[in-house]
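Survey of secondary and tertiary structure
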Amino acid sequence: MLGKLIKHEFKSTAHSMFGIYLSALFTFLAMLLVFFIKNRTLMITGSLVLVGICVAAIVVTLFAIIGTFNKSLYGNQGYLSFTLPVSGKSLLASKTVVSLAWIFISFAFIIAVAAFLLFYWIAQTSESFKDIVNMVYTTLQTMMGMPDAETAVKSIAVLVALLFMKALFLIFKVSFSLTIANTKSFQKLNPVLAAILVYFAIYLVLNAANLAAAFIPVQLAIATNGIGLTVGETMIGLAENANVFLPLPILGYIFEAVVCVALYLLTGDIMTKRVNVK
């Protein structure tokens, strides 16, 4: 049943995103044509349009996630959704999976656009594809201070995992806020206002805990010879002379992971027992 819910959720949200990626495709094709014409004004215009589409992709993704969640559970479709033979946790899980998928598609799209624009402009002064690749890598290495390709890959993998946690944290905070706003106690207020107030209350409390965790000197350390932890000046899982490329405060992310589990269970329980569908 969960698979069917996810499939239906993808279909209901895809139409919101279709126009964004279709316009991006046409812009890509137009820029490739302009590249051979060598019209600098059109090249700059195309680049700005792509950047604008990236911004639109993020905004539309967030509004589509929030809008679809609220409409399908607490709007006109709410009665139908809650009469399905599934628990609140299953409904929440299906929407979470689809929301995460769209968020990562949007971020992958932005990264692809950034890479395209980097190659696009460097290609103006390079004769071969190999030269372009070498120049792009050298540029990134200079900008980011990357010691080598292997360490860069490890860093990207860790950052993607942390981004996954941030996205999950955002989704559960939003879903919890919308769910609380649709219980009898809060429906006396405007649902939108109630959801916003609940969200910011959660944000302030959890952000305070995150800030407190940041003062504890425990970091995930990505070094040229592996990944480990640093506690103050002590390294765990790394050689004492390891060259740490990217230190990341990790306790905040562990705290967010625990809160995500708690919010998922609590939201699913409230959806099953306490939501008042209008």
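Residues numbered from 1 in each chain as written. Predicted model: local features only at pLDDT ≥ 70, side-chain atom pairs only at ≥ 80, totals over all residues. Heavy atoms only, no water.

As for the packing of helix α4 (residues 88-122) against helix α8 (residues 251-273)
Rules: Axis definition: a line fitted to C-alpha atoms, over the contacting stretch in the case of helices. Angles run 0 to 180 degrees between N-to-C directions. Think of it this way: any DSSP run of H or I at least four residues long counts as a helix, any run of E at least two long counts as a strand, and we number them from the N terminus. Every angle not falling under 35 degrees, over 145, or within 65 to 115 is termed oblique; those three ranges are roughly parallel, roughly antiparallel and roughly perpendicular. A crossing counts as left-handed when the near helix is turned anticlockwise from the far one by less than a right angle, and as right-handed when that turn is clockwise. The contact criterion used throughout is that any non-hydrogen atoms of two residues lie within 4.5 Å. Polar here means any residue outside two lists: the nonpolar Ala, Val, Leu, Ile, Met, Phe, Trp, Tyr, Cys and Pro, and the charged Asp, Glu, Lys and Arg; Gly therefore counts as polar.
With their axes 7 Å apart at the nearest point, α4 and α8 run at an angle of 125 degrees to one another. Taken as axis vectors, α4 and α8 run oblique relative to one another. Two packed elements cross with a definite hand, and for α4 against α8 that hand is right-handed. On α8, the residues touching Gly-88, Lys-89, Leu-91, Leu-92 and Ala-93 of α4 are Tyr-264, Leu-265, Thr-267, Gly-268, Asp-269, Met-271 and Thr-272. Taken together, the residues that form the contact of α4 with α8 break down as six nonpolar, four polar and two charged.

Digging into empty space enclosed by the protein
To keep things clear, this is the line we draw: Buriedness for pockets is judged along seven lines, at least five of which must meet protein on both sides within 12 Å for an open set on the 1 Å grid over protein atoms alone, while cavities are sets there where a 1.4 Å probe fits but cannot get out, and lining residues have an atom within 4 Å of a point. Grid points are joined across faces, edges and corners, and a volume is the space filled by probe spheres set on the points.
In this structure the tally under the stated criterion is one cavity of 30 Å³ or more. Taken as a whole, the largest cavity encloses approximately 80 Å³ of empty space. If you go around the largest cavity, the residues you meet are Glu-9, Thr-13, Met-17, Thr-61, Ala-64, Ile-65, Thr-68, Phe-69, Lys-95, Val-98, Ser-99 and Trp-102. Within the residue set of the lining of the largest cavity, elements represented by two or more residues are α1 (2-37), α2 (40-74) and α4. Per element, the largest residue contribution to the lining of the largest cavity is five residues, and it comes from α2. Taken together, the residues of the lining of the largest cavity break down into six nonpolar, four polar and two charged.

So, the packing of α2 against α4
The description of two helices packed together rests on the angle between their axes and the distance between the axes. In the contact formed by α2 and α4, the axes pass within 11 Å of each other and the chain directions differ by 175 degrees. It follows that α2 is roughly antiparallel to α4 by the angle criterion.

What about the layout of surface pockets?
Roughly 580 Å³ of internal volume is contained in the second largest pocket. Lining the second largest pocket are 25 residues, with Ile-66, Gly-67, Val-174, Leu-178 and Ala-195 sitting closest to its centre. Of all the elements in the fold, those that place two or more residues in the lining of the second largest pocket are α2, α4, α6 (149-181) and α7 (191-214). Broken down by element, the lining of the second largest pocket gets its largest block of residues, nine residues, from α2. Here the residues of the lining of the second largest pocket sort into 18 nonpolar, six polar and one charged.

Concerning the pairing of strand β2 (residues 226-231)
Filter applied, for reference: Each residue's exposure class comes from its accessible area (1.4 Å probe, protein chains only) as a fraction of the maximum for that residue type: buried when under 20%, exposed when over 50%, partly exposed otherwise. Pairing between strands is defined by DSSP: at least two bridges between the two strands are required.
Along β2, the buried face is formed by Gly-226, Gly-228 and Thr-230; none of Ile-227, Leu-229 and Val-231, which line the opposite face, is buried. Note that strand β1 (residues 218-223) and β2 share six bridges and pair antiparallel. Looking at the pairing, Val-218 lines up with Val-231 of β2. In sequence, β1 turns back onto β2 through a hairpin of two residues.

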